[in-house]
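Take a look at the letters that make up each chain.
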Amino acid sequence: MSELDTIDHAILRILQQNGRISNADLAAKVGLSPSACSRRVDILEKSGTISGYHARIAHKALDYKIMVIVHISLSGQFAKTLAEFEAAVKLCPNVLVCYLMSGEYDYILRVAAKDLEDYERIHRDWLSALPHVVKINSSFSLREVIDRPNVGI
(Lines give C-alpha, C1' and ligand atoms only; values in the text may rest on other atoms or scores of the structure.)
Protein backbone atom coordinates (compact mmCIF):
# COMPACT_ATOMS: atom_id res chain seq x y z
CA MET A 1 0.00 0.00 0.00
CA SER A 2 1.55 3.24 -1.10
CA GLU A 3 -0.04 6.06 0.88
CA LEU A 4 -2.73 6.21 3.52
CA ASP A 5 -5.42 8.85 3.06
CA THR A 6 -7.62 10.49 5.71
CA ILE A 7 -10.25 7.76 5.47
CA ASP A 8 -7.60 5.05 5.98
CA HIS A 9 -6.33 6.95 9.02
CA ALA A 10 -9.87 7.21 10.40
CA ILE A 11 -10.42 3.47 9.89
CA LEU A 12 -7.15 2.65 11.65
CA ARG A 13 -7.88 5.03 14.54
CA ILE A 14 -11.32 3.48 15.12
CA LEU A 15 -10.08 -0.11 14.80
CA GLN A 16 -7.30 0.60 17.33
CA GLN A 17 -9.96 1.72 19.79
CA ASN A 18 -12.41 -1.09 19.00
CA GLY A 19 -11.22 -3.98 16.87
CA ARG A 20 -14.59 -5.68 17.29
CA ILE A 21 -16.66 -2.90 15.71
CA SER A 22 -19.01 -4.13 13.02
CA ASN A 23 -18.25 -3.19 9.43
CA ALA A 24 -21.60 -1.36 9.22
CA ASP A 25 -20.78 0.79 12.26
CA LEU A 26 -17.23 1.41 11.03
CA ALA A 27 -18.54 2.43 7.61
CA ALA A 28 -21.01 4.86 9.18
CA LYS A 29 -18.29 6.46 11.32
CA VAL A 30 -15.95 7.04 8.36
CA GLY A 31 -18.66 8.03 5.88
CA LEU A 32 -18.42 5.08 3.48
CA SER A 33 -20.83 2.42 2.30
CA PRO A 34 -20.33 -0.93 4.06
CA SER A 35 -18.95 -2.53 0.87
CA ALA A 36 -16.45 0.30 0.28
CA CYS A 37 -15.40 0.18 3.93
CA SER A 38 -14.94 -3.59 3.78
CA ARG A 39 -12.75 -3.23 0.68
CA ARG A 40 -10.60 -0.60 2.45
CA VAL A 41 -10.15 -2.81 5.54
CA ASP A 42 -9.30 -5.77 3.31
CA ILE A 43 -6.61 -3.71 1.52
CA LEU A 44 -5.22 -2.54 4.87
CA GLU A 45 -5.06 -6.16 6.08
CA LYS A 46 -3.51 -7.55 2.89
CA SER A 47 -0.89 -4.80 2.78
CA GLY A 48 0.17 -5.58 6.35
CA THR A 49 -0.90 -2.18 7.67
CA ILE A 50 -3.34 -4.07 9.90
CA SER A 51 -1.33 -6.99 11.21
CA GLY A 52 -4.00 -8.61 13.37
CA TYR A 53 -6.77 -8.29 15.92
CA HIS A 54 -6.10 -9.22 19.53
CA ALA A 55 -7.69 -9.45 22.95
CA ARG A 56 -5.55 -7.72 25.59
CA ILE A 57 -5.46 -9.96 28.62
CA ALA A 58 -4.21 -8.67 31.97
CA HIS A 59 -1.11 -10.65 32.91
CA LYS A 60 -2.05 -10.51 36.59
CA ALA A 61 -5.39 -12.17 35.78
CA LEU A 62 -3.34 -15.18 34.66
CA ASP A 63 -1.21 -14.96 37.83
CA TYR A 64 1.84 -13.41 36.09
CA LYS A 65 2.78 -10.86 38.75
CA ILE A 66 6.37 -10.09 37.75
CA MET A 67 7.55 -8.36 34.59
CA VAL A 68 11.28 -8.63 33.92
CA ILE A 69 13.37 -6.64 31.45
CA VAL A 70 16.25 -8.86 30.37
CA HIS A 71 19.37 -7.61 28.60
CA ILE A 72 21.21 -10.27 26.60
CA SER A 73 24.73 -10.19 25.20
CA LEU A 74 25.80 -12.76 22.62
CA SER A 75 29.22 -14.08 21.71
CA GLY A 76 29.04 -12.22 18.38
CA GLN A 77 26.71 -10.68 15.84
CA PHE A 78 27.25 -12.97 12.90
CA ALA A 79 24.10 -13.67 10.87
CA LYS A 80 24.13 -17.35 11.91
CA THR A 81 24.52 -16.43 15.59
CA LEU A 82 21.61 -13.98 15.49
CA ALA A 83 19.41 -16.39 13.54
CA GLU A 84 20.05 -19.26 15.97
CA PHE A 85 19.36 -17.07 19.01
CA GLU A 86 16.17 -15.65 17.48
CA ALA A 87 14.83 -19.07 16.51
CA ALA A 88 15.41 -20.34 20.06
CA VAL A 89 14.02 -17.31 21.91
CA LYS A 90 10.77 -17.57 19.93
CA LEU A 91 10.18 -20.95 21.61
CA CYS A 92 10.15 -19.52 25.15
CA PRO A 93 6.50 -18.91 26.06
CA ASN A 94 7.34 -16.39 28.81
CA VAL A 95 9.18 -14.03 26.44
CA LEU A 96 6.57 -11.47 25.44
CA VAL A 97 8.81 -9.17 23.41
CA CYS A 98 12.31 -9.46 21.97
CA TYR A 99 14.19 -6.59 20.34
CA LEU A 100 17.51 -6.71 18.49
CA MET A 101 19.36 -3.65 19.80
CA SER A 102 22.19 -1.34 18.98
CA GLY A 103 24.39 -0.32 21.87
CA GLU A 104 25.70 -2.22 24.88
CA TYR A 105 23.40 -5.27 24.69
CA ASP A 106 22.44 -7.33 21.68
CA TYR A 107 18.84 -8.03 22.72
CA ILE A 108 16.29 -6.77 25.20
CA LEU A 109 13.47 -9.08 26.26
CA ARG A 110 10.29 -8.51 28.24
CA VAL A 111 9.55 -11.64 30.26
CA ALA A 112 6.45 -12.48 32.32
CA ALA A 113 6.83 -14.60 35.45
CA LYS A 114 4.43 -15.67 38.17
CA ASP A 115 6.92 -15.03 40.99
CA LEU A 116 10.67 -15.06 41.70
CA GLU A 117 10.81 -18.85 41.74
CA ASP A 118 9.12 -18.95 38.34
CA TYR A 119 11.62 -16.43 36.96
CA GLU A 120 14.47 -18.51 38.36
CA ARG A 121 13.05 -21.49 36.40
CA ILE A 122 12.72 -19.39 33.22
CA HIS A 123 16.27 -18.09 33.66
CA ARG A 124 17.69 -21.57 34.33
CA ASP A 125 15.70 -23.60 31.79
CA TRP A 126 15.22 -21.10 28.97
CA LEU A 127 17.35 -17.96 29.05
CA SER A 128 20.62 -19.56 30.12
CA ALA A 129 20.10 -22.30 27.55
CA LEU A 130 19.69 -19.91 24.61
CA PRO A 131 22.48 -20.31 22.06
CA HIS A 132 25.48 -17.94 22.08
CA VAL A 133 24.44 -16.10 25.28
CA VAL A 134 27.43 -14.83 27.26
CA LYS A 135 25.70 -12.33 29.57
CA ILE A 136 22.22 -11.95 31.06
CA ASN A 137 21.19 -8.87 33.04
CA SER A 138 17.71 -8.93 34.61
CA SER A 139 15.81 -5.91 35.94
CA PHE A 140 12.49 -6.34 37.75
CA SER A 141 9.65 -3.94 37.14
CA LEU A 142 8.31 -2.32 40.30
CA ARG A 143 5.10 -1.19 38.61
CA GLU A 144 3.76 -0.48 35.16
CA VAL A 145 3.38 3.20 34.41
CA ILE A 146 2.13 2.93 30.84
CA ASP A 147 1.59 0.11 28.37
CA ARG A 148 0.12 1.84 25.37
CA PRO A 149 -1.37 -0.66 22.93
CA ASN A 150 -2.07 1.93 20.25
CA VAL A 151 0.21 4.17 18.26
CA GLY A 152 -0.91 7.73 17.59
CA ILE A 153 -2.57 8.17 14.20
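Conventions used here
Residues numbered from 1 in each chain as written. Predicted model: local features only at pLDDT ≥ 70, side-chain atom pairs only at ≥ 80, totals over all residues. Heavy atoms only, no water. UniProt positions renumbered as here; feature names shortened; annotations may be inferred. Helix = DSSP H or I, 4+ residues; strand = E, 2+ residues; numbered from the N terminus. Core = buried A, V, L, I, M, F, W, Y, C linked by side-chain atoms within 4.5 Å. Buried < 20%, exposed > 50% of the residue type's maximum accessible area, 1.4 Å probe, protein only. Contact = heavy atoms within 4.5 Å. Salt bridge = Lys/Arg side-chain N within 4 Å of Asp/Glu carboxyl O. Polar contact = N/O pair within 3.5 Å; in protein donor to acceptor, adjacent residues only side chain to side chain. Axes fitted to C-alpha atoms, helices over the stretch in contact; angles between N-to-C directions. Parallel < 35°, antiparallel > 145°, perpendicular 65-115°, else oblique. Nonpolar A, V, L, I, M, F, W, Y, C, P; charged D, E, K, R; others polar. Pairing = 2+ DSSP bridges.

Turning to the UniProt feature "domain: HTH asnC-type" (unreviewed entry) in the protein, a few remarks are in order. The residues that UniProt annotates with the feature "domain: HTH asnC-type" (unreviewed entry) are residues 4-65. What you have in residues 4-65 is 53% helix and 0% strand, and the ends, taken at the C-alpha atoms, are 40 Å apart.

In this structure, Val70, Leu109, Val111 and Leu127 are the most contacted members of the largest nonpolar core, which totals 19 residues. Examining the composition of this core, we find that five residues originate from one element, strand E1 (residues 66-74), more than from any other. Residues within four places of Val70 in sequence aside, it is in contact with Tyr107, Ile108, Leu109, Val111, Tyr119, Leu127, Ile136, Asn137 and Ser138. Among the nonpolar cores identified, the runner-up in size contains 13 residues, and Ala10, Ile21, Val30 and Val41 belong to it.

Okay, the pattern of salt bridges next. Opposite charge on two side chains allows them to pair when their charged atoms are near. Evaluated as defined, the whole model comprises eight salt bridges. The residue Lys46 makes a salt bridge to Asp42 at a minimum N-O spacing of 3.0 Å. Separated by four residues within a single helix, Lys46 and Asp42 lie in helix H3 (residues 34-46), roughly one turn from each other. Residue class for Lys46 comes out exposed when judged on its relative accessible area of 69%.

With that settled, consider the side chain of His71. Relative to the elements of secondary structure, His71 occurs in strand E1. Leaving out residues up to four positions away in the same chain, His71 has contacts with Tyr105, Tyr107, Ile108, Lys135, Ile136 and Asn137.

This part covers the side chain of Asn94. Relative to the assigned elements, Asn94 resides in the loop between helix H4 (79-89) and strand E2 (95-100). What makes Asn94 buried here is its relative accessible area of 7%. A distance of 2.9 Å separates a polar atom in the side chain of Asn94 from the backbone oxygen of Ala112. Residues within four places of Asn94 in sequence aside, it is in contact with Tyr64, Arg110, Val111, Ala112, Asp118, Arg121 and Ile122.

Take the packing of helix H1 (residues 6-17) against H3 next. Put simply, H1 and H3 touch, their axes get as near as 11 Å, and they point 80° apart. By the angle between their axes, H1 is roughly perpendicular relative to H3. Seen from H1, the contacting residues are Ile7, Asp8, Ile11, Leu12 and Leu15; seen from H3, they are Arg40, Val41 and Leu44. Of the residues in the contact of H1 with H3, the class split is six nonpolar, no polar and two charged.

A positive phi angle, close to 75°, is found at Asp63, a residue other than glycine. Position of Asp63 relative to the elements: it lies in the loop between H3 and E1. What makes Asp63 partly exposed here is its relative accessible area of 34%.

In this fold, Ala79 is placed in helix H4. For the pair Ala79 and Ile146, spaced 67 residues apart in the sequence, the C-alpha separation amounts to 34 Å.

To continue, consider the sheet that holds strand E3 (residues 107-113). In space, the four strands of this open sheet follow the order E2-E3-E1-E4, with antiparallel pairing throughout. In the strand order of this sheet, the two ends are held by E2 and strand E4 (133-140), each with one partner. Neighbouring strand axes in the sheet, compared pairwise and without regard to direction, differ in orientation by 20° on average. Of the pairings in the sheet, the one linking E2 to E3 comprises five bridges and is antiparallel in character. Pairing of Leu100 across the sheet is with Tyr107, part of E3. Sitting on the sheet, H4 touches E1, E2, E3 and E4, and the angle it makes with E2 is about 165°.

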